[in-house]
Amino acid sequence: MLHWFHLTRREAIVALILFLLIIGGWTAAYFLSGNCKTDFALSDGRVDSFLATLHQESHQQASATKMHPFDPNQCDSVELVSLGLKSWQAKAWIHYRESGFTYRSPEDIKRIYGITEQDYRRLKPYIRIARSDMRYAFSKSIPTEQQIAMRHLHDSLSLLAQRYRQMKLKKGETIDLQVADTTMLKRIPGIGSYFARRIVWLRDELGGFVSLSQLDEISSLPRETRQWMRLGSTDVKQIHINTADLQTMKKHHYLTGRQALAIVKHRQKYGPLTSLQQLSTDSLFTPADLHRLRPYVTFK
């Protein structure tokens with residue numbers, strides 16, 4: 001009896017087709033010649049011989065196959081053939097890899113043209129993928145094109161993050177808040193674009209910083225960021241309180257429109273100011289208002 005179960009599915013199909021062709025040929029010869037005494041026993045012997053040859057070749061191929069662990073991203077065609085693949089399957093495997101695809105999981109080999117489910121089940125226990133090639137574990141439901149795009153995006157973001165970390169200030173390094181632009185400020189750990197813009201905006205509104213405590217006016221700014229900040233100078237832009245017009249004073253961060261108008265009216269009624277203390281009688285000005293405004297006005 002033939003050992004059918006030792007034949008692969010493809011070999012069994014080929015054998016069946018050949019068997020049917022042989023039977024069909026003999027049948028046609030029988031009817032054409034009118035001789036019904038064809039020796040089917042002899043014919044069956046030839047079929048058995050053919051199938052035995054196929055089985056022997058299959059057995060030889062199986063005996064030549066030496067299963068061993070392999071990396072699908074590193075193996076060559078010779079190794080793939082030694083693992084039981086046909087030469088054309090091995091070429092398809094290598095071509096798929098050379099086109100830019102990296103095998104991230106054993107299931108990825110199913111994408112290769114000609115790799116059957118039987119091939120996959122046979123090879124899966126021996127697949128060993130390097131850890132560096134397994135850093136992207138995407139869902140099978142995502143198309144290959146989207147996987148590749150996401151991997152490129154991940155690599156780009158990783159590179160940007162690396163450069164970002166290299167640009168950040170190290171412990172002990174500081175920058176001058178009076179002259180730093182947003183790019184310089186973003187080198188401070190904990191400060192991104194938002195806080196950098198807020199710091200520059202506040203500095204411009206004030207005319208310069210006189211103390212790092214003024215940064216408290218920026219909501220949620222981490223206090224630990226101050227270890228990388230310094231004031232190279234406390235010279236600030238001042239308002240000549242006795243000559244500045246209403247619009248100029250209203251633009252200052254520490255003056256409201258009503259306060260600016262009160263100063264103008266005070267000048268008109270009492271003459272030039274010689275001290276901010278003269279405004280303390282006005283309910284619009286609290287001691288805290290006058291204290292923080294003092295570095296930004298001049299009476300000369």
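Structure: above.
All values derive from a computational prediction rather than experimental measurement. (Residues numbered from 1 in each chain as written. Predicted model: local features only at pLDDT ≥ 70, side-chain atom pairs only at ≥ 80, totals over all residues. Heavy atoms only, no water.)

1. Some thoughts on helix α4 (residues 87–98)
Working step 1: For α4, with twelve residues, the first-to-last C-alpha span of 16 Å sits near the 16 Å given by 1.5 Å per residue.
Working step 2: Where α4 is concerned, the buried positions are Gln-89, Ala-90, Ala-92, Trp-93, Ile-94 and Arg-97.
Working step 3: Elements that come into contact with the buried residues of α4 comprise α3 (77–82) and α5 (117–123).
Working step 4: The first or second residue beyond α4 is Gly-100, which carries a positive phi of 115 degrees. (Helix = DSSP H or I, 4+ residues; strand = E, 2+ residues; numbered from the N terminus. Expected span 1.5 Å × (residues − 1). Buried < 20%, exposed > 50% of the residue type's maximum accessible area, 1.4 Å probe, protein only. Contact = heavy atoms within 4.5 Å.)

2. Observations concerning unusual backbone geometry
Leaving glycine out, the prevailing phi sign among residues is negative, and the prevailing peptide bond configuration is trans.
Working step 1: Although it is not a glycine, Ser-220 adopts a positive phi angle of roughly 70 degrees.
Working step 2: Among the structural elements, Ser-220 can be located in the loop between α8 (193–206) and β2 (229–230).
Working step 3: The exposure class assigned to Ser-220 is exposed, which follows from its relative accessible area of 63%.

3. Some thoughts on helix α10 (residues 257–270)
Working step 1: Here α10 spans 20 Å end to end across 14 residues, near enough to the 20 Å set by a 1.5 Å rise per residue.
Working step 2: Directly after α10, the chain includes Gly-271, whose backbone phi takes a positive value near 95 degrees.

4. Some details on the side chain of Asp-176
Working step 1: In this fold, Asp-176 is placed in strand β1 (residues 175–176).
Working step 2: For the buried Asp-176, no salt bridge exists, and the shortest N-O distance to an oppositely charged side chain is 4.2 Å, to Arg-230.
Working step 3: From its side chain, Asp-176 meets the backbone nitrogen of Gln-178 in a polar contact 3.0 Å long.
Working step 4: Those residues in contact with Asp-176, other than ones at most four positions away along the chain, are Arg-230, Leu-231 and Gly-232. (Lys, Arg positive; Asp, Glu negative; His and termini not counted. Salt bridge = Lys/Arg side-chain N within 4 Å of Asp/Glu carboxyl O. Polar contact = N/O pair within 3.5 Å; in protein donor to acceptor, adjacent residues only side chain to side chain.)

5. A few points about the pattern of salt bridges
It is possible for side chains of opposite charge to pair when their charged atoms get near one another.
Working step 1: Taken as a whole and judged by the stated rule, the model has seven salt bridges.
Working step 2: The salt bridge involving Glu-117 is made with Arg-121; its shortest N-O contact spans 3.9 Å. Of the two residues, Glu-117 and Arg-121 are both situated in helix α5; the distance of four residues between them amounts to about one turn of the helix.
Working step 3: You can call Glu-117 partly exposed: its relative accessible area is 40%.
Working step 4: Given a relative accessible area of 53%, Arg-121 falls into the exposed group.

6. Some thoughts on the packing of aromatic side chains
Working step 1: Under the definition given, this model contains eight aromatic pairs.
Working step 2: When the ring of Phe-70 is compared with that of Trp-93, the centres are 6.1 Å apart and the planes differ by 55 degrees; the resulting orientation is tilted. Here Trp-93 lies in helix α4 and Phe-70 lies in the loop between α2 (40–64) and α3, a separation of 23 residues in the sequence.
Working step 3: Here the aromatic rings of Trp-88 and Tyr-113 are separated by 6.1 Å at their centres, their planes lie at 55 degrees, and the arrangement is tilted. Of this pair, Trp-88 sits in helix α4 while Tyr-113 sits in the loop between α4 and α5, and the two are 25 residues apart along the sequence.
Working step 4: Owing to a relative accessible area of 36%, Trp-88 belongs among the partly exposed residues under this scheme.
Working step 5: Each residue in the set Phe-70, Trp-93, Tyr-96, Phe-101 and Tyr-103 is aromatic and connected to the rest through ring pairs, giving one cluster.
Working step 6: Between the NZ or CZ atom of Lys-110 and the centre of the ring of Tyr-120, over which it lies, the distance is 4.3 Å.
Working step 7: In this structure, Arg-198 is placed above the aromatic ring of Trp-201, and the distance from its NZ or CZ to the ring centre is 4.7 Å. (Phe/Tyr/Trp six-rings, centres within 6.5 Å; stacked < 30°, edge-to-face > 60°. Lys NZ or Arg CZ within 6 Å of the ring centre and 35° of its normal.)

7. Points about the nonpolar core
Working step 1: Counting 38 residues, the largest nonpolar core has Leu-185, Ile-188, Ile-191, Ile-199, Leu-215, Met-249 and Ile-263 as the members making the most contacts within it.
Working step 2: Looking at this core, the elements with two or more residues in it are α8, α10 and α11 (287–293).
Working step 3: If one sorts the elements of this core by residue count, α8 sits on top with six residues.
Working step 4: With near-sequence residues (within four places) excluded, Leu-185 lies in contact with Ile-175, Leu-177, Ala-180, Ile-191, Ala-196, Ile-199 and Val-200.
Working step 5: Counting 18 residues, the second-largest nonpolar core is a separate cluster that includes Leu-80, Ala-92, Ile-112 and Ile-115. (Core = buried A, V, L, I, M, F, W, Y, C linked by side-chain atoms within 4.5 Å.)

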